[in-house]
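Residues per chain are reported as follows:
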Amino acid sequence: MTCATIVMEDRLVSDHVCQEEFDFTLVLGGVSEITEEMERALFESGCDDATLSARSGRLYVTFSRMAASYKDAVISAIKDVRRSNIGATVLRVDQCDLITQSEIARRIGRSRQLVNQYITGDRGPGLFPPPACNITEKVPLWYWCEVAYWLESNNLIKEEELREAQDITVINSVLELEHQKLVAPDLTKDIMRELCLC
């Protein structure tokens, strides 16, 4: 963590603006191959703390960014990618909100058996959030954001971990809606109107 002094319009704004380094990946759409021009444009737009990569036909940018918060880091990175004008759209932060019981255990460093006991109410305070989908299947899925809220409420993870989960969920939801407005504008508009969301 580093602290800096910020000066705006020749006046001192804050003596101590503490920043941390946050690692995350942005998934891109609209581009399919890496070029030197693309890498240069990203660097010049402020993504000098990032690496552009490709896998299975999908481009993504991995950042190690200094910022005051995880949300600030991700939003500033999205803005920098957009400013690069490389023809790419930012589709999402590469962290899935739908997770299995095993993934819950991995994220909190506990055994799968203990997490199952949380889910069934055999251990812990009870009222573990119900699965979000695949409810009738052998491998149901939970929203990490809902699980993180339960875990933080019961002092099983830190508040910062909950805040990061919430940040990712909201940012990805906004990016997904933005994407659907591009690929299916009429349908998106109709549904938003029918649901009184516009």
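Note that the structure is a prediction, hence the values are computed from the model and not measured.

Q: Describe the nonpolar core, listing the residues and the values that go with them.
A: Counting 26 residues, the largest nonpolar core has Phe24, Leu26, Leu28, Phe63, Val74 and Val81 as the members making the most contacts within it. Of all the secondary structure elements, the ones that give two or more residues to this core are strand S2 (11–29), helix H1 (36–44), strand S4 (58–67), helix H2 (70–83), strand S5 (89–93) and helix H6 (159–183). No other element matches H2, which puts 6 residues into this core. Residues contacting Leu28, with those up to four places away along its chain left out, are Leu52, Arg58, Leu59, Tyr60, Val61, Val81, Ala88, Thr89, Val90 and Leu91.

Q: Help me get a handle on the environment of Ile108, residues and values and all.
A: Tracing the backbone through its elements, the reader meets Ile108 in helix H3 (residues 101–108). For the pair formed by Ile108 and Val147, sequence separation is 39 residues and the distance between their alpha carbons is 11 Å. Look past the residues within four positions of Ile108 in its chain and what remains in contact with it is Val115, Trp144, Leu151 and Ile157.

Q: An account of the pattern of salt bridges is requested, with residue identities and associated values reported.
A: Applying the stated criterion across every chain, the model contains 9 salt bridges. Two residues, Lys71 and Asp72, come together in a salt bridge whose shortest N-O distance is 3.7 Å. Under the relative-accessibility criterion, Asp72 is labelled partly exposed at 35%. With its nearest N and O atoms 3.0 Å apart, the salt bridge here joins Arg193 to Asp190. On the criterion of helical spacing, the pair formed by Arg193 and Asp190 is a turn pair, its members being 3 residues apart in helix H7 (residues 185–194). Overall, the relative accessible area of 30% leaves Asp190 in the partly exposed class.

Q: Let's hear about the packing of aromatic side chains: which residues, and what values?
A: Across all of its chains, the model carries 6 aromatic pairs by this definition. Geometrically, the ring pair formed by Phe128 and Trp142 is edge-to-face, given 6.4 Å between the ring centres and 75° between the ring planes. Remark: Trp142 occurs in strand S7 (residues 142–143) and Phe128 occurs in the loop between helix H4 (112–120) and S7; sequence separation between them is 14 residues. Side by side, Phe128 and Trp142 carry an identical accessibility label, which is buried. Between Phe128 and Trp150, the ring centres sit 4.8 Å apart and the planes meet at 65°, which makes this aromatic pair edge-to-face. A residue pair is termed long-range when its members are at least 10 positions apart, and Phe128 in the loop between H4 and S7 and Trp150 in helix H5 (residues 144–153) qualify at 22 residues. Across the pair, exposure class does not vary: Phe128 and Trp150 are buried alike.

Q: Explain the packing of H2 against H6 to me, and be specific about the residues and the numbers.
A: Look at H2 against H6: their axes get within 9 Å of each other, and the N-to-C directions meet at 25°. On the basis of their axis angle, the class for H2 and H6 is roughly parallel. Of the residues in H6, those touching H2 at Tyr70, Lys71, Val74, Ile75, Ile78 and Arg82 are Glu164, Asp167, Ile168, Ile171, Leu175 and Glu178. When grouped by side-chain class, the residues that make up the contact of H2 with H6 number 7 nonpolar, no polar and 5 charged.

Q: Would you mind going over the packing of H3 against H4 in detail, with residue names and values included?
A: Interaxial distance between H3 and H4 falls to 9 Å at its minimum, and their mutual angle equals 110°. With respect to their mutual orientation, H3 and H4 come out roughly perpendicular. The interaxial crossing formed by H3 with H4 has right-handed handedness. Side by side, H3 and H4 meet where Gln101, Ser102, Ile104, Ala105 and Ile108 of the first sit next to Arg112, Val115, Asn116 and Ile119 of the second. Here the residues of the contact of H3 with H4 are counted per class, giving 5 nonpolar, 3 polar and 1 charged.

Rules and cut-offs
- Residues numbered from 1 in each chain as written.
- Predicted model: local features only at pLDDT ≥ 70, side-chain atom pairs only at ≥ 80, totals over all residues.
- Heavy atoms only, no water.
- Core = buried A, V, L, I, M, F, W, Y, C linked by side-chain atoms within 4.5 Å.
- Buried < 20%, exposed > 50% of the residue type's maximum accessible area, 1.4 Å probe, protein only.
- Helix = DSSP H or I, 4+ residues; strand = E, 2+ residues; numbered from the N terminus.
- Contact = heavy atoms within 4.5 Å.
- Salt bridge = Lys/Arg side-chain N within 4 Å of Asp/Glu carboxyl O.
- Phe/Tyr/Trp six-rings, centres within 6.5 Å; stacked < 30°, edge-to-face > 60°.
- Axes fitted to C-alpha atoms, helices over the stretch in contact; angles between N-to-C directions.
- Parallel < 35°, antiparallel > 145°, perpendicular 65-115°, else oblique.
- Nonpolar A, V, L, I, M, F, W, Y, C, P; charged D, E, K, R; others polar.
- Left-handed = near helix turned anticlockwise from the far one by under 90°.

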